[in-house]
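# Descriptive analysis of the structure
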Amino acid sequence: MRSHKQRACLFGSMIVWIASTLSAATPPPAAPAAPAAPTPSAASPVVPLPSYPNLTSDFTSTSVLQPVRQEFSGKLKRLGRQIYLEEESSSSGPISYNEYYIYDFEKNLLYRILRDERVYFETPLTVEQRVDAIRKGWVPAEGTFTFNNITVKLSSRDILLRPDTMDNRPVNLLLREITAEIPAVGTTPTRSVKSYSFVWLDPALALPVKIAYSANAAHTIVTYRNIELESAEANLFAIPKDYPNLSPY
């Protein structure tokens, strides 16, 4: 387990990486510069999490784990508390596998559907996958859920850092803090695990259009474009009836 000093160094390195990425990719906005460290203060208003509507969107996810850089692009659709995710291309070319994922946050399940093999796999969503979904802006923090007979409480808050721009549109740059309260199990005491990400929120849509975070030594940026506030086809979120479930194999 990392010490407070190690976590502070890791968080600091993430801020430096994000700052260098911003300065290299876009001109500095006219708004005042962000503080050296995004520490909440009395002058930093806390922004409540928005309620997320149904939508369809293109996405690009770029992860760097030195010296490897990976990029994936595809489609994301949200219907209620379900997410449909399909990768269409990568940094090495078009995706050769024909599959997609459904995240069901109501049932707390993740489905991987393979079209060519006509089968699917079903696994419970883990705490890490739930936190990652919040971090990527798929869903807001949603109270409590149960995993392996353990009830975990998730909460989140957004702290406004400064106005910014993306694709020549005004956005708000936020620091998102996610907290997972994990109860004591056996000899392991109760834990409060926090993670952080930077969020570029489009105020017109009240939706995130860009997310940046570090996890497990990898730096990740996710961007969303061509966002349309519309209901995705419900049949996309239904598992084909003639596909057998191969879990847990």
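Residues numbered from 1 in each chain as written. Predicted model: local features only at pLDDT ≥ 70, side-chain atom pairs only at ≥ 80, totals over all residues. Heavy atoms only, no water.

## Some words on the side chain of Ser61
Along the chain, Ser61 turns up in strand S2 (residues 55–65). Those residues in contact with Ser61 that sit more than four places away from it in its chain are Gln70, Glu71, Phe72, Thr220, Ile221 and Val222. (Helix = DSSP H or I, 4+ residues; strand = E, 2+ residues; numbered from the N terminus. Contact = heavy atoms within 4.5 Å.)

## Thoughts on the confidence of the model for the protein
Of all residues in the protein, 79% attain a pLDDT of 70 or more, and the chain-wide mean is 80. Predicted confidence for residues 1–11 stays below pLDDT 50, and this span has six contacts to residues more than four positions away or in other chains. Contacts for the low-pLDDT stretch residues 15–50, under 50 throughout, to residues beyond four places or in other chains number 46 contacts. (pLDDT = per-residue confidence, 0-100.)

## What to know about the pairing of strand S13 (residues 207–215)
With respect to burial, S13 is a largely interior element, eight of its nine residues being buried. Direction of pairing for strand S12 (residues 191–202) relative to S13: antiparallel, over a ladder of five bridges. Opposite Phe198, over in S13, you have Ala212 as the bridge partner. Sheet topology note: the S13/strand S14 (residues 218–228) ladder contains six bridges and is antiparallel. Residue pairing across strands places Ala212 opposite Ile221, the latter belonging to S14. A loop of two residues connects S13 with S14, the two strands running antiparallel in sequence, and Asn216 in this loop sits at a positive phi of about 55°. (Buried < 20%, exposed > 50% of the residue type's maximum accessible area, 1.4 Å probe, protein only. Pairing = 2+ DSSP bridges.)

## A few points about the pattern of salt bridges
Overall, the coordinates contain 13 salt bridges when judged by the stated rule. A salt bridge links Arg225 to Asp167; its shortest N-O distance comes to 2.9 Å. Residue Arg225 is found in strand S14, and its partner Asp167 is found in the loop between strand S10 (150–166) and strand S11 (169–182); the two are separated by 58 residues along the sequence. Under the relative-accessibility criterion, Asp167 is labelled partly exposed at 47%. Among the ionic contacts, a cluster of salt bridges with common partners joins Asp132, Arg135 and Lys136. (Salt bridge = Lys/Arg side-chain N within 4 Å of Asp/Glu carboxyl O.)

## A few points about the side chain of Thr62
Its location among the elements puts Thr62 in strand S2. The exposure class of Thr62 is buried, given its relative accessible area of 16%. Within polar-contact distance, the side chain of Thr62 engages the side chain of Glu71 at 3.1 Å. (Polar contact = N/O pair within 3.5 Å; in protein donor to acceptor, adjacent residues only side chain to side chain.)

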